[in-house]
Amino acid sequence: MSMVEEGVQAHTQAARPAQERPEQDVLHAGHTPEEGPVAKVEGWTPDGDEPTLTEAAAPKGEGPVGPASEDAVIEAIATVHDPEIPVNIYELGLIYAIDLYDDGRVHIEMTLTAPNCPSAQELPIQVKDAVEKIPGVKSAEVDVVWDPPWDMSRMSDEARLALNMF
């Protein structure tokens, strides 16, 4: 038996057969609609609703694999500022919900400070563009919602301090 054959034999003996490997109950980006619904990976709401979380372990040494994290999405959203207010839209409390899916989709519900906001057309597009730059995000959808109406109580303490609104 050659050294190559010995190496292959040793490698195949050391590897566990597929039926012995633990299976993960996680859907992946290659999941098709015929296989059933796509699982939500993670979700967030400012009202403290319980987020759901399903994570697939990333192979070591391959960098970020899989869906983006909630923190990465929030960080990207925080780069978007209302042009009339010197505070990012996350700190202003304009983000109502963030849903992350294991196929790389992100769904965001946001509002505006007022229905006649002059930035009503550009802010959702800026949020979408910022989130789609995150590794692991395949697409982002931003819906503008009006219920519940935004009010100053949704602002973070940092935003109140920056705007002198205590």
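One can find the structure itself at the top, above this paragraph.
Thresholds applied
- Residues numbered from 1 in each chain as written.
- Predicted model: local features only at pLDDT ≥ 70, side-chain atom pairs only at ≥ 80, totals over all residues.
- Heavy atoms only, no water.
- Helix = DSSP H or I, 4+ residues; strand = E, 2+ residues; numbered from the N terminus.
- Buried < 20%, exposed > 50% of the residue type's maximum accessible area, 1.4 Å probe, protein only.
- Contact = heavy atoms within 4.5 Å.
- Areas by Shrake-Rupley, 256 points an atom, 1.4 Å probe, with all protein chains shown as cover.
- Polar contact = N/O pair within 3.5 Å; in protein donor to acceptor, adjacent residues only side chain to side chain.
- Phe/Tyr/Trp six-rings, centres within 6.5 Å; stacked < 30°, edge-to-face > 60°.
- Lys NZ or Arg CZ within 6 Å of the ring centre and 35° of its normal.
- Pairing = 2+ DSSP bridges.
- Right-handed = clockwise from strand over helix to strand, strands pointing away.
- Arc of directions from axis to C-beta.
- Core = buried A, V, L, I, M, F, W, Y, C linked by side-chain atoms within 4.5 Å.
- Salt bridge = Lys/Arg side-chain N within 4 Å of Asp/Glu carboxyl O.

Draft legend 1. Representation of the overall build of the protein within the structure. The helix and strand inventory of the protein stands at four helices and four strands. Seen in sequence order, the protein has helices and strands lined up from the N terminus as α-β-α-β-β-α-β-α. Split into buried and exposed, the 166 residues of the protein put 32% on the buried side. By sequence separation, contacts in the protein at least 24 residues apart represent 64% of the contacts at least 6 residues apart. When the accessible surface of the protein is split by element, carbon and sulfur atoms take 53% of a total near 10,800 Å².

Draft legend 2. Inspection of the environment of Trp150 at higher detail. With respect to the helices and strands, Trp150 occurs in the loop between strand E4 (139–144) and helix H4 (157–163). Overall, Trp150 belongs to the buried group, its relative accessible area being 18%. Among all residues touching Trp150, those that are not within four sequence positions of it are Leu92, Gly93, Leu94, Tyr96, Thr111, Leu112, Thr113 and Met155. A distance of 2.8 Å separates the side chain of Trp150 from the backbone oxygen of Leu92, its partner in a polar contact.

Draft legend 3. Main features of the packing of aromatic side chains. Applying the stated criterion across every chain yields a total of zero aromatic pairs. Against the face of Tyr101 rests Arg105, its NZ or CZ located 4.3 Å from the ring centre. Above the face of the Tyr96 ring, Arg154 is positioned so that its terminal group lies 4.4 Å from the ring centre.

Draft legend 4. Layout of the pairing of strand E3 (residues 105–110). Pairing of strand E2 (residues 95–101) with E3 involves five bridges; the strand directions are antiparallel. Bridging across to E3, Leu100 finds its partner in Val106. A crossover connection joins E3 to the parallel E4 through helix H3 (residues 122–132); in handedness this β-α-β unit is right-handed.

Draft legend 5. Seen up close, H3. Residues of H3 that are buried include every one of Leu123, Pro124, Val127, Ala130 and Val131, and no others. Taken around the axis of H3, the buried residues stretch over an arc of 130°, which confines them to a single face. The secondary structure elements touched by the buried residues of H3 are helix H2 (70–77), E3 and E4.

Draft legend 6. Spotlight on the nonpolar core. Ranked by size, the top nonpolar core spans 31 residues in total, and within it Val73, Ile77, Ile89, Ile108, Val127 and Val131 carry the most contacts. Elements represented by at least two residues in this core include exactly H2, E2, E3, H3 and E4. Here Ile89 is in contact with Ile77, Val80, His81, Asp82, Leu94, Ile95, Met110, Leu123 and Val127, once residues within four sequence places are set aside.

Draft legend 7. Quick look at the pattern of salt bridges. What the rule picks out here adds up to two salt bridges. Linking Arg105 and Asp103 is a salt bridge whose minimum nitrogen-to-oxygen distance equals 2.9 Å. Arg105 gets classed as partly exposed once you look at its relative accessible area, which sits at 33%.

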